[in-house]
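So you can see what is in the structure, the chains are spelled out below.
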Amino acid sequence: MSSHFDVIIIGAGASGLYCALTAGRRGRRVLVLDHANKAGKKILISGGGRCNFTNYFVEPEHFIGANQHFCKSALSRYPSWEFIGMVERHKIPYHEREHGQLFCDDSAQDILTMLLNECAAVGVQVRLNTQIDSVQALENDKKSRFQLLTSRVLSKKDKQEQKDAPKQTKPVQSGFRCESLVVATGGLSIPTMGASGLGYELAQQFGHQLNPIDASLVPFTFTDKTGELIRALAGISLPVIASNERISFRLPLLFTHRGLSGPAMLQLSNYWQTGETISINLLPDTDMTQLLLDHKNSHSRQLIRTVLADYTDSALPKKLLVALQTTLWDDIKDKELANIKDERLIELGTTLNGWLLKPSGTEGYRTAEVTRGGVKTDEVSSKTMQSNYQEGLYFIGEVLDVTGWLGGYNFQWAWASGFVCGEVV
Ligand code: FDA
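Per an unreviewed UniProt entry, the protein goes by NAD(P)/FAD-dependent oxidoreductase and derives from Psychrobacter glacincola. Turning to the protein, the UniProt annotation filed under Cofactor (unreviewed entry) states: "FAD".

A. How the structure looks around the UniProt feature "domain: RsdA/BaiN/AoA(So)-like insert" (unreviewed entry) in the protein. With numbering aligned to this structure, UniProt lists the feature "domain: RsdA/BaiN/AoA(So)-like insert" (unreviewed entry) at residues 215-370. Counting secondary structure, residues 215-370 comes out at 37% helix and 21% strand; the distance between its end C-alpha atoms is 6 Å.

B. Representation of the nonpolar core within the structure. Membership of the largest hydrophobic core comes to 123 residues, with the highest contact counts inside it found for Phe83, Ile111, Leu148 and Trp415. Here the element with the most residues in this core is helix H14 (residues 409-422); it accounts for nine residues. The residues touching leucine 148, leaving out its near neighbours within four places in the chain, are Ile8, Ile10, Leu33, Ile132, Ser134, Val135, Ser174, Gly175, Phe176, Cys178 and Leu181.

C. Spotlight on the site of the ligand. Surrounding the ligand, one finds 31 residues, the nearest of these being Ser15, Asp34, Ser196, Glu398 and Phe411. Separating an oxygen atom of the ligand from a backbone N or O atom of alanine 14 is a distance of 3.3 Å. Relative to its unbound accessible area of 990 Å², the ligand is 93% covered by the protein chains. For the shell around the ligand, the leading source of residues is H14, giving four residues.

D. Representation of unusual backbone geometry within the structure. Positive phi is not limited to glycine here, since asparagine 129 has a value of about 50°. Its location among the elements puts asparagine 129 in the loop between strand E7 (125-127) and strand E8 (130-137). Of note, the phi angle at leucine 217 is positive, near 50°, even though the residue is not glycine. With respect to the helices and strands, leucine 217 occurs in the loop between strand E11 (210-216) and strand E12 (220-221).

E. The arrangement of helix H11 (residues 304-311) in detail. For H11, the complete set of buried residues consists of Ile304, Val307 and Leu308. Viewed along the axis of H11, the buried residues span an arc of 95°, placing them on a single side of the element. Buried-residue contacts for H11 involve helix H10 (288-298), helix H12 (318-328) and helix H13 (342-353).

F. The sheet that holds strand E18 (residues 361-362), seen in detail. The seven strands lie next to each other as E17-E16-E13-E14-E15-E12-E18, forming an open sheet whose pairing is antiparallel. In the strand order of this sheet, the two ends are held by strand E17 (355-357) and E18, each with one partner. With respect to the sheet, helix H8 (residues 225-232) is in contact with strand E14 (248-255), strand E15 (259-261) and E17, its orientation differing from that of E17 by roughly 115°.

G. Seen up close, the sheet that holds strand E6 (residues 101-104). Spatially, three strands are ordered E3-E6-E5 in an open sheet, and the strand pairing comes out antiparallel. The open sheet terminates on both sides in strands that have one partner only, identified here as strand E3 (52-55) and strand E5 (94-97). Put simply, the sheet's adjacent strands are angled 30° from each other on average, direction ignored. In this structure, E5 lies alongside E6, joined through four bridges in antiparallel fashion. Bridge assignment links histidine 95 to a residue of E6, and that residue is phenylalanine 103.

H. Representation of the pairing of strand E16 (residues 278-281). By the alternation rule, side chains of E16 split into Ile278 and Ile280 and Ser279 and Asn281, which are all buried. Two strands pair when backbone bridges link them, and strand E13 (residues 237-243) and E16 are joined in this way by three bridges, in the antiparallel orientation. Of the residues in E16, the one forming a bridge with isoleucine 241 is asparagine 281. Two strands pair when backbone bridges link them, and E16 and E17 are joined in this way by three bridges, in the antiparallel orientation. Considered in E17, the bridge of serine 279 is made with leucine 356.

I. How the structure looks around helix H7 (residues 198-205). Along H7, the residues classified as buried are Leu198, Gly199, Tyr200, Leu202 and Ala203. Contacts from the buried residues of H7 go to strand E1 (2-10), E8, strand E10 (173-183), E11, strand E19 (370-375) and strand E20 (393-395).

J. Local environment of the side chain of histidine 62. Structurally, histidine 62 is set in the loop between E3 and strand E4 (63-64). Residues within four places of histidine 62 in sequence aside, it is in contact with Phe57, Thr403, Gly404, Trp405 and Tyr409.

K. Quick peek at the pattern of salt bridges. Scanning the model with the defined rule gives 17 salt bridges in all. Residue glutamate 336 is joined to arginine 301 by a salt bridge in which the shortest nitrogen-to-oxygen separation is 2.6 Å. Taken as a pair, glutamate 336 in the loop between H12 and H13 and arginine 301 in the loop between H10 and H11 lie far apart in primary sequence, 35 residues in all. Since its relative accessible area comes to 55%, arginine 301 is described here as exposed. Aspartate 331 is paired through a salt bridge with arginine 344; the nearest N and O atoms lie 2.7 Å apart. Of this pair, aspartate 331 sits in the loop between H12 and H13 while arginine 344 sits in helix H13, placing them 13 residues apart in sequence. When its relative accessible area of 54% is taken as the criterion, aspartate 331 is described as exposed. Via salt bridges that share partners, Asp6, Arg28, Lys142, Lys143 and Glu179 belong to a single interconnected network.

Cut-offs used in this document
- All residue numbers refer to positions counted from 1 along the written sequence of the respective chain.
- For a predicted model such as this one, the threshold for reporting local features is a pLDDT of at least 70, and the threshold for listing and counting side-chain atom pairs is 80 or more; totals across whole chains, interfaces and linings nevertheless cover every residue.
- Excluding hydrogens and water, the side-chain figures rest on all heavy atoms present in the structure.
- UniProt positions are given in the numbering used here, feature names are shortened, and annotations may be inferred rather than shown by experiment.
- Runs of E in the DSSP output that reach at least two residues are strands. Runs of H or I that reach at least four are helices, and both are numbered from the N terminus.
- What we call a nonpolar core is a set of buried Ala, Val, Leu, Ile, Met, Phe, Trp, Tyr and Cys residues that are connected through their side-chain atoms within 4.5 Å.
- Note on classification: 1.4 Å probe, protein chains only; a residue is buried when its accessible area is under 20% of the maximum for its type, exposed when over 50%, partly exposed between these limits.
- Residue contacts are counted whenever heavy atoms from the two residues lie within 4.5 Å of one another.
- A single heavy atom is enough: if one lies within 4 Å of a molecule or strand, its residue is considered near that molecule or strand.
- Pairs of N or O atoms within 3.5 Å make up the polar contacts considered here, provided that, within protein, one atom can donate a hydrogen while the other can accept it, and that residues adjacent in sequence are counted only when both atoms are side-chain atoms.
- Methods summary: accessible areas were calculated by the Shrake-Rupley approach with a probe of 1.4 Å, and residue burial reflects only the protein chains presented.
- Arc, as used here, means the arc of the directions from the helix axis to the C-beta atoms.
- When DSSP finds two or more bridges between two strands, those strands count as paired.
- To obtain an axis, a line is fitted to C-alpha atoms, over the contacting stretch when the element is a helix, and the angle between two such axes runs from 0 to 180 degrees between their N-to-C directions.
- Each salt bridge in this description consists of a side-chain nitrogen of Lys or Arg and a carboxyl oxygen of Asp or Glu lying within 4 Å of one another.

Encoded structure:
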């Protein structure tokens, strides 16, 4: 015997909860299923525990995906001030940080509590610890287009009991039917937070194609000599312009024990393909080539290391300058400018304004904030998020091939796609 709901949403994360409360407000009977033991785990860890829940300046340019136009409709129908309005109605204190990013003053828990309270107020049921065993489309019954079989995710205690008495504890399956099925399972980032590939599998089951997925908004790693240099500088942070052939970001860079991180690197990772070189302008406010050539004319007897130490004093941490010097221009560091060829000074200036590095990879899904790629958006309605192939089936949030920049854009996509879907399911 199956329980019947108007709408079943798989995934009690950001997009799933927003879709649920929107549909619930329309009087729909909504059930949200999640295999995790807690709803909204990623919301809780986001923004360093303060949840960068949206951004004042949301434009389609802040999103990547094979179809650049797909996100436009939902983002314009659900602008960030809609979510800000809800946050204010719930009296959640928040503040703006640089680039229009909005964070909770106190805790990300405030956002999750708000979403769960809104869901509860309109009768949305949330069932956790629920494993989805199968999803099947049923023919000829508009009210019950889908049947789901689920079982309870076993706790440690259950597993032990099953071990001790294998015959007595059979997993009990439950059946659910629904008119609309929403896949809100997110991406693969941070498996310990409940991430799984179920959304991609369901998409394929119903004939959808996937654009290649990869970890994104993620630090870079390095294995060669550069890796050693970077690791030795762990802890240093400075503002840079990080770029590749397609895009540039003027943001802080952070050296870590594993590689390069900080907002500049995370943003660039959205646009990085394996094997590509990245460029880091360590002194974005100074044309170092011009400075060195001018200095050669005016103070030709000065040692290059003195010039660099003087001119980079406030802009470049001393430890970084020394490390770069040892690696990149050790042979000329004690020479007077007059004795260094212009070509070498140009090479040095160019390096400081565009240090070329080839990451060996990224830290991967273990630490990535998002998964880029996913369900092909050409096969989903941008107005409703409904599948082009299966009536009543919807995809929202990160499972789709829509990835935002760092700065609250991924949550804004989750709310907006959840909203437009919740309006029609
Ligand atoms: P989300 O991941 O939120 O939810 C998916 C849900 O589906 C989860 O509850 C999961 O348990 C469930 N699920 C998965 N597989 C299942 C299965 N097989 N069966 C049942 N349920 C299943 N963004 C931003 O805008 N601002 C920020 O500050 C941050 N910070 C941040 C920090 C960190 C550390 C991470 C990892 C990510 C961020 N993000 C972020 C990104 C943001 O968290 C993310 O883009 C959204 O949560 C995506 O919302 P979704 O609803 O698509 O997936």
